[in-house]
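Summary of structural features
Residues per chain, in single letters:
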Amino acid sequence: MFEASAGEEDERLDKCLALLTDSLSRSYIQKMILEGNVKVNGIAAKASYKVKQEDLIEFELPTAVEPEILPENIPLDILYEDADVIVVNKPKGMVVHPAAGHYSGTLVNALMYHCGGSLSGINGVMRPGIVHRIDMDTTGSLIVCKNDAAHRSVAEQLKEHSVTRRYEAICYGVLKEDQGIIDRPIGRDPAERKKMAVNERNGKRAVTHYRVLRRFREYSYIECTLETGRTHQIRVHMASIGHPLLGDDLYAGSRKCHYRLQGQTLHARILGFRHPATGEYIEVNAPLPDYFIHLLDTMA
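Residues numbered from 1 in each chain as written. Predicted model: local features only at pLDDT ≥ 70, side-chain atom pairs only at ≥ 80, totals over all residues. Heavy atoms only, no water.

A few words now on helix α4 (residues 148-159). It helps to recall that an α-helix has 3.6 residues per turn; residues three or four apart then point in one direction. Here α4 spans 16 Å end to end across 12 residues, near enough to the 16 Å set by a 1.5 Å rise per residue. Within α4, the full set of buried residues consists of Ala-150, His-151, Val-154, Gln-157 and Leu-158. Along the long axis of α4, the arc covered by the buried residues comes to 130 degrees, so they all point the same way. Opposite its buried face, α4 presents the exposed residues Arg-152 and Lys-159, each directed more than 90 degrees away. In this structure, the buried residues of α4 make contact with β6 (85-90), β7 (139-145), β8 (164-172) and β14 (266-274). Note on α4: the residue one or two positions beyond its end, His-161, has a positive phi of about 60 degrees. (Helix = DSSP H or I, 4+ residues; strand = E, 2+ residues; numbered from the N terminus. Expected span 1.5 Å × (residues − 1). Buried < 20%, exposed > 50% of the residue type's maximum accessible area, 1.4 Å probe, protein only. Arc of directions from axis to C-beta. Contact = heavy atoms within 4.5 Å.)

In structure tokens:
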């Protein structure tokens, strides 16, 4: 139950609840309201209801049922594998782990088939082995842990920013400088919950180093090295300096893409880490996907 404050005055009920409950999407809230599961002052209300100060808003979430995640025989492009870790070259369009709307066809489903029961369990049954992730339409190297000891080691390396992560991307516009550093905090976009944004007030420190690999008439081919690893970091940072990634429907605004693309042109090329058992430094290089190579050839 919530009591509306002055800050929520005159907000639509669905938007108000979306702002108050970080874990629920606005579409899910609208569905709850439509089904009569949200009441204002004891009466079922519509999504368009304008909230008034001191309104009592109440709802009860249905009991969550955790779906069964099944192994699936999906081919994997394996860059490195041993008894502790596996590094894969994730293709475009593949979700890393199951979530609402994606309970099959994910990287986790493929890993469960390939690795059997040999995946770390620290992140629960929905994300076995997963210690970090990349976006659905981002391609490239991703490390997965086969046991909890390896998971803890890699997680600590990620926390202390000692993992090497270099990405390649194509952005809109011609960058003037050959290289640069973007040091701007990133947090949830206060206006659109599904987006991240440079957020000086509530964001966490985020640092991206970039350098130009090649310039084209309207675009720049760049390498980005992550010093930190915030959600959508490269996408948000490049957009913040006026050079969003080509094909990025979420952050490119009104920029028109003249190519047939599925999401942003972003590839996790280099991944380097200390082996959790031996301490040896291991670095893998994920080749650029065919669509990316073709795009560069087309622009030349």
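Scanning the entire structure with this criterion turns up 0 disulfides. You can see Cys-145 has no disulfide; the closest cysteine sulfur is in Cys-115, sitting 11 Å from it. (Disulfide = S-S within 2.5 Å.)

Among the nonpolar cores identified, the biggest contains 31 residues, and Leu-111, Ile-222, Ile-234 and Met-238 are the most heavily contacted of them. Those elements that place two or more of their residues in this core are β6, α3 (107-115), β7, β8, β12 (207-215), β13 (219-226), α5 (233-240) and β14. (Core = buried A, V, L, I, M, F, W, Y, C linked by side-chain atoms within 4.5 Å.)

With that settled, the discussion passes to the packing of aromatic side chains. For the structure shown, the criterion picks out 4 aromatic pairs. Centre to centre, the rings of Tyr-172 and Tyr-219 are 5.9 Å apart; their planes meet at 50 degrees, and the pair counts as tilted. With Tyr-172 in strand β8 and Tyr-219 in strand β13, the pair connects residues that are 47 residues apart, well separated along the chain. Residue Tyr-172 is classed as buried on the basis of its relative accessible area of 5%. Ring plane angle 55 degrees and centroid distance 5.9 Å describe the contact between Tyr-291 and Phe-292, whose orientation is recorded as tilted. (Phe/Tyr/Trp six-rings, centres within 6.5 Å; stacked < 30°, edge-to-face > 60°.)

Before going further, it helps to spend a moment on the pattern of salt bridges. Between side chains of opposite charge, a pair can form when the charged atoms approach closely. Throughout the structure, instances matching the rule amount to 13 salt bridges. Taken together, the salt bridges that share partners define one network made up of Asp-135, Arg-235 and Asp-248. (Salt bridge = Lys/Arg side-chain N within 4 Å of Asp/Glu carboxyl O.)

Right, let's get into α3. Most of α3 is tucked away, with 7 of its 9 residues classed as buried. Listed in full, the buried residues belonging to α3 are Leu-107, Val-108, Asn-109, Ala-110, Leu-111, Met-112 and Cys-115. Looking at the buried residues of α3, the elements they touch are β6 and β7. Between the side-chain oxygen at the start of α3 and the backbone nitrogen of Val-108 there is a gap of 3.3 Å, and the oxygen is on Thr-106. Positive backbone phi, approximately 65 degrees, marks Gly-116, located one or two places after α3. (Polar contact = N/O pair within 3.5 Å; in protein donor to acceptor, adjacent residues only side chain to side chain.)

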